[in-house]
Amino acid sequence: MTDPATQESYPIPDPTIVGPCPATVRNGQCAPDGFTNNHHQQAKTPSQPEALNTGQEMKITDSVEGEGLLESSMRLKPHEAQSYRKKALWVSWISIVVTLILAVAAFTVSFMRHSASAFGFAFDATLDVVSSFIVIWRYSNAAAVHSAHREYIACVVLGVLFVLSSLCILGKAIHNLATRMPPEVDDFLYSVSIVSGFTCSLLAVVKFWLGRVLTSRALITDGFNSLVGAIMGFSILISAEVFKHDTDVWFLDGTIGVLIGLTILAYGVKLLRDMVPRVKQTRNYERFE
């Protein structure tokens, strides 16, 4: 039995009092002296938005990627992420079938009509097929839809492919310029360029949209490759039409091939510079594999 007098000398504390800094703990630390919760509420005005500002969004994004996740893990619900993942897989398979057919047609045009632009497009279409397979690998694992490590590995592989393909395109275009080889124009070349331009434009738009929703650099890179294919498809048409009216501009086709090759090379180098350090940073986060 305890002494009643002892119980009276130690009253039960008020449960509303938690500690020396109530309601002012932020990020595990107490607010400075004189900074109370009431003061904080009074300082907040209606002009201050509830949404996060850009600086806070960047901090959250860096924190999430530091934990091996992409920003999409904060914005998409699980069923939404899986729905977009399946859409990305469908678009990638469709892209493989379409661009493979276009690549065969463009290679045929290139060798039959000596077109550097057609060769560049054929190589780019082949690269599009490979990049779509990489995207399929990227999203083949449902549990890794937000995996930053898997994303960065896919981007590194794409960067290497971009650099290698650009060297081939540049080699073919420079060879055509050095030998002063003009392209041959016919209806087959026109039809391939028109179909290629419109088809790759549509694929690029869809890939960019999915890449933005899933915050996937791999999908955006695949979309960029399709966009380059669309530009090259239309460039075949433009260079052929110009050469048809003025044979002195025979170098336009090869020049466009050089420009496309340099563009792909620059993008591939930048992709490698951005993604190789991130692969090293996230190599310990492979729990989603």
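One can find the structure itself at the top, above this paragraph.
Residues numbered from 1 in each chain as written. Predicted model: local features only at pLDDT ≥ 70, side-chain atom pairs only at ≥ 80, totals over all residues. Heavy atoms only, no water.

### Focus on the overall build of the chain
- The helix and strand tally for the chain stands at 10 helices and two strands.
- Starting at the N terminus and ending at the C terminus, the chain contains elements arranged as α-β-β-α-α-α-α-α-α-α-α-α.
- The proportion of buried residues among the 289 residues of the chain is 42%.
- Here the contacts in the chain between residues at least 6 apart in sequence split such that 79% fall between residues at least 24 apart.
- Summing over all exposed atoms, the chain offers an accessible surface of approximately 16100 Å²; the carbon and sulfur share of this is 65%. (Helix = DSSP H or I, 4+ residues; strand = E, 2+ residues; numbered from the N terminus. Buried < 20%, exposed > 50% of the residue type's maximum accessible area, 1.4 Å probe, protein only. Contact = heavy atoms within 4.5 Å. Areas by Shrake-Rupley, 256 points an atom, 1.4 Å probe, with all protein chains shown as cover.)

### Thoughts on the pattern of salt bridges
- By the definition in use, this model includes five salt bridges.
- Where Asp 222 meets Lys 207, a salt bridge forms, and the shortest distance between an N and an O atom there is 3.2 Å. Taken as a pair, Asp 222 in helix H9 (residues 217-245) and Lys 207 in helix H8 (residues 187-213) lie far apart in primary sequence, 15 residues in all.
- When salt bridges with common partners are traced through the structure, they connect Asp 128, Lys 207 and Asp 222 into a single cluster. (Salt bridge = Lys/Arg side-chain N within 4 Å of Asp/Glu carboxyl O.)

### Observations concerning the environment of Thr 247
- By secondary structure assignment, the location of Thr 247 is in the loop between H9 and helix H10 (251-281).
- Judged by relative accessible area, which is 51%, Thr 247 ranks as exposed.
- The sequence separation of Thr 247 and Pro 182 amounts to 65 residues, and the corresponding C-alpha distance is 8.2 Å.

### Topic: unusual backbone geometry
- In the Ramachandran plot, Thr 215 falls in the positive-phi region, its phi being about 45 degrees despite a non-glycine side chain.
- By the secondary structure assignment, Thr 215 is in the loop between H8 and H9.
- Overall, the relative accessible area of 21% leaves Thr 215 in the partly exposed class.

### Here we look at a nonpolar patch on the surface
- Taken together, the side chains of Val 160, Leu 164 and Leu 167 make up a nonpolar region of the molecular surface, amounting to roughly 260 Å² of accessible area.
- Exposure remark for Leu 167: the relative accessible area of 48% places this residue in the partly exposed category. (Patch = residues over 30% accessible without salt bridge, like charges linked within 9 Å, V, L, I, M, F, W, Y side chains within 5 Å.)

### Section: helix H5 (residues 78-113)
- With 36 residues, H5 extends 51 Å between its outermost C-alpha atoms, agreeing within 8% with the 52 Å of an ideal straight helix rising 1.5 Å per residue.
- A positive backbone phi angle near 55 degrees is found at His 114, which sits one or two residues after H5. (Expected span 1.5 Å × (residues − 1).)

### Thoughts on helix H7 (residues 148-178)
- The end-to-end C-alpha distance of H7 is 45 Å, a good match for the 45 Å that 31 residues give at a rise of 1.5 Å each.
- Two or three places before Arg 150, at the opening of H7, Ser 147 has a side-chain oxygen 3.3 Å from that residue's backbone nitrogen.
- Positioned one or two residues after H7, Arg 180 has a phi angle of 55 degrees, which is positive. (Polar contact = N/O pair within 3.5 Å; in protein donor to acceptor, adjacent residues only side chain to side chain.)

### Some thoughts on the packing of aromatic side chains
- Scanning all chains against the criterion turns up seven aromatic pairs.
- Centroid distance Phe 162 to Phe 224: 6.3 Å. Interplanar angle 25 degrees. Geometry classified as stacked. Here Phe 162, found in helix H7, pairs with Phe 224, found in helix H9; they are 62 residues apart in sequence, far enough to count as distant. Comparing Phe 162 with Phe 224 shows no difference in burial state: the two are buried.
- Taking the centre distance of 6.0 Å and the plane angle of 85 degrees together, the rings of Trp 250 and Phe 251 count as edge-to-face.
- An aromatic cluster of at least three residues, connected via ring pairs, comprises Phe 162, Phe 224 and Tyr 267.
- Between Arg 138 and the ring centre of Tyr 139, over which it is positioned, the NZ or CZ distance is 4.4 Å.
- Seen from the ring of Trp 137, Arg 150 lies directly overhead, with NZ or CZ sitting 4.3 Å from the centre. (Phe/Tyr/Trp six-rings, centres within 6.5 Å; stacked < 30°, edge-to-face > 60°. Lys NZ or Arg CZ within 6 Å of the ring centre and 35° of its normal.)

### Some details on the side chain of Ser 95
- Among the secondary structure elements, Ser 95 is positioned in helix H5.
- At a separation of 3.2 Å, a polar atom in the side chain of Ser 95 contacts the side chain of Ser 132.
- Side chain to side chain, Ser 95 and Lys 207 meet in a polar contact 2.8 Å long.
- Setting aside its immediate chain neighbours within four residues, Ser 95 contacts Leu 100, Asp 128, Ser 132, Leu 203 and Lys 207.

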